[in-house]
Amino acid sequence: SHDLRLNRAYEGLYMDACANADSDRITLHLLRLLPAWPMNLRIDIRERDNEGRLLKTAGHLVGSSRKTVAQTNRGYQAYDAQGNPLGQPSNGLLRVILSTLSASEQTLLGVTDEAGITELRHQLAEIALARRVEIKGLLDIPHLQPWMQPAMGLDRSFLVYPLWPRFWPFSG
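Residues numbered from 1 in each chain as written. Predicted model: local features only at pLDDT ≥ 70, side-chain atom pairs only at ≥ 80, totals over all residues. Heavy atoms only, no water.

### Description of the packing of helix H2 (residues 21-30) against helix H5 (residues 114-130)
Next up, step 1: As a packed pair, H2 and H5 sit with axes 10 Å apart at the nearest point and diverge in direction by 90°. Classified by the angle their axes make, H2 and H5 are roughly perpendicular. Counted together, Ile 26, Thr 27 and Leu 30 of H2 and Leu 124, Ile 127 and Ala 128 of H5 form the full contact between these two elements.
Next up, step 2: Residue composition of the contact of H2 with H5, grouped by class: five nonpolar, one polar and no charged. (Axes fitted to C-alpha atoms, helices over the stretch in contact; angles between N-to-C directions. Helix = DSSP H or I, 4+ residues; strand = E, 2+ residues; numbered from the N terminus. Parallel < 35°, antiparallel > 145°, perpendicular 65-115°, else oblique. Contact = heavy atoms within 4.5 Å. Nonpolar A, V, L, I, M, F, W, Y, C, P; charged D, E, K, R; others polar.)

### Remarks on unusual backbone geometry
Next up, step 1: Positive phi outside glycine occurs at Arg 48, with the angle close to 70°.
Next up, step 2: In this fold, Arg 48 is placed in the loop between strand E1 (41-47) and strand E2 (54-59).
Next up, step 3: On the accessibility criterion, Arg 48 (60% relative accessible area) is exposed.
Next up, step 4: Within the chain, Asp 140 stands out as a residue other than glycine whose phi angle is a positive 60°.
Next up, step 5: Position of Asp 140 relative to the elements: it lies in the segment after helix H6 (132-138).
Next up, step 6: In this structure Asp 140 comes out as exposed when scored by relative accessible area, which is 59%. (Buried < 20%, exposed > 50% of the residue type's maximum accessible area, 1.4 Å probe, protein only.)

### A look at the side chain of Lys 67
Next up, step 1: Positionally, Lys 67 belongs in strand E3 (residues 65-72).
Next up, step 2: Overall, the relative accessible area of 16% leaves Lys 67 in the buried class.
Next up, step 3: With residues up to four places along the chain from it excluded, the contact list for Lys 67 reads Leu 41, Arg 42, Ile 43, Asp 44, Thr 100, Leu 101 and Glu 105.

### Comments concerning H2
Next up, step 1: Most of H2 is tucked away, with seven of its ten residues classed as buried.
Next up, step 2: All of the buried residues in H2 are Asp 22, Ser 23, Asp 24, Ile 26, Thr 27, Leu 28 and Leu 30.
Next up, step 3: At the N-terminal end of H2, a side-chain oxygen is found 2.9 Å from the backbone nitrogen of Asp 22, two or three residues along, and the residue is Asn 20. (Polar contact = N/O pair within 3.5 Å; in protein donor to acceptor, adjacent residues only side chain to side chain.)

### Some details on the environment of Leu 98
Next up, step 1: Within the secondary structure, Leu 98 is located in helix H3 (residues 93-100).
Next up, step 2: Since its relative accessible area comes to 5%, Leu 98 is described here as buried.
Next up, step 3: Taking the C-alpha atoms as reference points, Leu 98 and Ile 117, separated by 19 residues in sequence, lie 8.8 Å from one another.
Next up, step 4: Beyond its immediate chain neighbours, meaning those up to four positions away, Leu 98 contacts Gln 106, Leu 109, Val 111, Ile 117 and Leu 120.

### So, the pairing of E3
Next up, step 1: Direction of pairing for E1 relative to E3: parallel, over a ladder of seven bridges. Within the sheet, the bridge partner assigned to Asp 44 lies in E3 and is Thr 68.
Next up, step 2: In this sheet, strand E4 (residues 75-79) lies alongside E3 in antiparallel orientation, the contact comprising five bridges. Considered in E4, the bridge of Ala 70 is made with Gln 77. (Pairing = 2+ DSSP bridges.)

### Thoughts on the pairing of strand E5 (residues 85-90)
Next up, step 1: Burial within E5 is sparse, with just zero of its six residues counted as buried.
Next up, step 2: Note that E4 and E5 share three bridges and pair antiparallel. Paired with Tyr 79 across the two strands is Pro 85, which belongs to E5.
Next up, step 3: The turn linking E4 back onto E5 is made up of five residues, and Gly 83 within it adopts a positive phi angle of 90°.

### Thoughts on the environment of Leu 109
Next up, step 1: With respect to the element layout, Leu 109 can be found in helix H4 (residues 103-109).
Next up, step 2: We classify Leu 109 as buried; its relative accessible area is 10%.
Next up, step 3: Once you skip the residues sitting within four places of it in the chain, Leu 109 turns out to touch Ala 36, Trp 37, Leu 98 and Leu 101.

In short, geometric facts, not functional conclusions.
Written out as structure tokens, the structure is:
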């Protein structure tokens, strides 16, 4: 069940339709690791509106350029620097974050078109896959070292008796 949850989170990195809370959490955690992510950019995720309680931050914590996204009942809502909503709420967190960026920041990230957004998704997914243990910790999923995992699960619902007479448990 833990592997299924992790796989669903990874699927959400690739497609908006499969996005869930875990994939959003991974996205926020990994944004600062993108090679082209601006060093001065910070994303604040707030509750309900642009002045709500701070829930999470993404990007570089000391970033001087702050963008605000609110987590509402209808999805994520982007806000401009004056606190005005940008567009409509959406469940696609990455797209909402990208809508808060200036044209120069979008160009720097290479997300000026749909192909650029897809490429950015793939970069995030590659980073996440390379940091599987870290991502499990982020999602509070236990990680077992490979040598601690049991061998392939076999059906243990039946007993098998040896064919050799000296191992037969019912011999007299």
